[in-house]
Amino acid sequence: IHSFRKKDDHNKENLFNSLNYDVAAKKRKKDLLNNKAKTQYFHQEKWIYVHKGSTKERHGYCTLGEAFNRLDFSSAILDSRRFNYVVRLLELIAKSQLTSLSGIAQKNYMNILEKVVQKVLEDQQNIRLIRELLQTLYTSLCTLVQRVGKSVLVGNINMWVHRMESILHWQQQLNNIQITRPAFKGTTFTDLPLCLQLNIMQRLSDGRDLVSLGQVAPDLQVLSEDRLLWKKLCQYHFTDRQIRKRLILSDKGQLDWKKMYFKLIRCYPRKEQYGDTLQLCRHCHILSWKGTDHPCTANNPETCSTSLSPQEFINLFRF
């Protein structure tokens, strides 16, 4: 009897351990699936075929969300030539295309946005650009959340409220950034000759950057008010016809190019220029980043590629 009890206790202990092992294995499997769900939707291909109709070879339509998932925007933000392009695209999606994304694409959108914010917090560059992006997204979400129940957002309302709280947290982090002065004491911008300073300032494409630069030092304030500087900025972004419609004269009877610039940007879109863009092959209708190899059957694929602006990229998926 004593040996039987020992054997019975041993069997119970083995059964209990077996159950524990099963529970632990199920928990590890569940955690693994959850971790995979948190990662962004990823494909090895760096291109996508854009088709707007069904054929014998291909069925269905290519959507904006599918293209957003396949074109590896997560790596693109690490390239300084593509960063502004991706940010502009995120802003356009936030304004009007967020509801056209699938649930996976929306999750991918928020993951990429988080990486963008973390990059800006680390290198302290493009702060104003990301502030404007977050404000646009938050404003759109406020409108969309109020319409919940009308199938405008994918997912639970609590999830979107949590995402809005994250956006507010990111905005607070950006507002708390303290720009650190470089430790080295070498040649600074103000040590350069005036002609070189003006030449560098002419490379700035945003008038707000000129105003901010003028607030650094009194000498730069004088340079930032240069009429020729603002004239070239107006002529870069706007056509002669647009400029003629918004003429403003100063007290001295001269054209006030600075006031004209800020008036023009309220009336017309500014010229967009990017170091690297997405390209569409006119021969095989494949969309990819510039310099990415794709299976094109044209004799000279380079001549078939057309650069797309962020707005033109979105227009491809409007059926």
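All values reported here derive from a predicted model rather than from experimental measurement.

J.: Break down the pairing of strand β3 (residues 286-289) for me, citing the residues and quoting the values.
T.: Covered by surrounding structure in β3 are Ile286 and Ser288 together with Leu287 and Trp289, the residues of both alternating faces. As judged from the three bridges shared by strand β1 (residues 47-49) and β3, these two strands associate in the antiparallel manner. Among the inter-strand pairings, Tyr49 is bridged to a residue of β3, identified as Ile286. The pairing of strand β2 (residues 278-281) with β3 spans three bridges and is classified as antiparallel. Each bridged residue has a counterpart across the sheet, and for Leu280 the counterpart in β3 is Leu287. The antiparallel pairing of β2 with β3 creates a hairpin that spans four residues between the two strands, and His285 there sits at a positive phi of about 60°.

J.: Could you give an account of the packing of helix α4 (residues 80-97) against helix α5 (residues 103-123), naming the residues involved and the relevant values?
T.: Where α4 contacts α5, the two axes come as close as 12 Å, and the packing angle between them is 135°. Looking at the two axes, α4 sits oblique to α5. With respect to the hand of their crossing, α4 and α5 are arranged in left-handed fashion. Note on element contacts: α5 touches α4 through Tyr109, Ile112, Val116, Lys119 and Val120, opposite Phe83, Val87, Leu90, Ile93 and Ala94. Residue composition of the contact of α4 with α5, grouped by class: nine nonpolar, no polar and one charged.

J.: Can you break down the nonpolar core residue by residue, with the values?
T.: Among the nonpolar cores identified, the biggest contains 54 residues, and Phe73, Tyr109, Leu287 and Phe313 are the most heavily contacted of them. Looking at this core element by element, the count peaks at nine residues for α4. Excluding residues within four positions of it along the chain, Tyr109 makes contact with Phe68, Leu90, Ile93, Ala94, Leu98, Leu101, Leu133 and Leu137. Ranked by size, the runner-up nonpolar core spans 17 residues in total, among them Leu210, Leu223, Trp230 and Ile248.

J.: If you had to explain the side chain of Ser74 to someone new, which residues and values would you point to?
T.: Mapping Ser74 onto the fold places it in helix α3 (residues 73-76). Reaching out from Ser74, the side chain makes a polar contact with the side chain of Lys115 at a distance of 2.7 Å.

J.: Mind laying out the side chain of Gln197, listing which residues take part and the relevant values?
T.: Within the secondary structure layout, Gln197 lies in helix α8 (residues 194-201). Filtering out sequence-adjacent residues up to four positions away, Gln197 remains in contact with Phe189, Thr190, Leu192, Leu220 and Leu223.

J.: Residues and numbers for the sheet that holds strand β4 (residues 305-308), please.
T.: Read across the sheet, four strands follow the order β1-β3-β2-β4 without closing on themselves; strand pairing throughout is antiparallel. What marks the edges here is a single partner per strand, and that holds for β1 and β4. The average angle at which neighbouring strand axes cross in this sheet is 25°, direction not considered. As defined by bridge partners, β2 adjoins β4 across four bridges and the pair is classed as antiparallel. Residue pairing for β4: Gln279 is matched across the bridge by Ser307.

The rules behind these values
Residues numbered from 1 in each chain as written. Predicted model: local features only at pLDDT ≥ 70, side-chain atom pairs only at ≥ 80, totals over all residues. Heavy atoms only, no water. Buried < 20%, exposed > 50% of the residue type's maximum accessible area, 1.4 Å probe, protein only. Helix = DSSP H or I, 4+ residues; strand = E, 2+ residues; numbered from the N terminus. Pairing = 2+ DSSP bridges. Axes fitted to C-alpha atoms, helices over the stretch in contact; angles between N-to-C directions. Parallel < 35°, antiparallel > 145°, perpendicular 65-115°, else oblique. Left-handed = near helix turned anticlockwise from the far one by under 90°. Contact = heavy atoms within 4.5 Å. Nonpolar A, V, L, I, M, F, W, Y, C, P; charged D, E, K, R; others polar. Core = buried A, V, L, I, M, F, W, Y, C linked by side-chain atoms within 4.5 Å. Polar contact = N/O pair within 3.5 Å; in protein donor to acceptor, adjacent residues only side chain to side chain.

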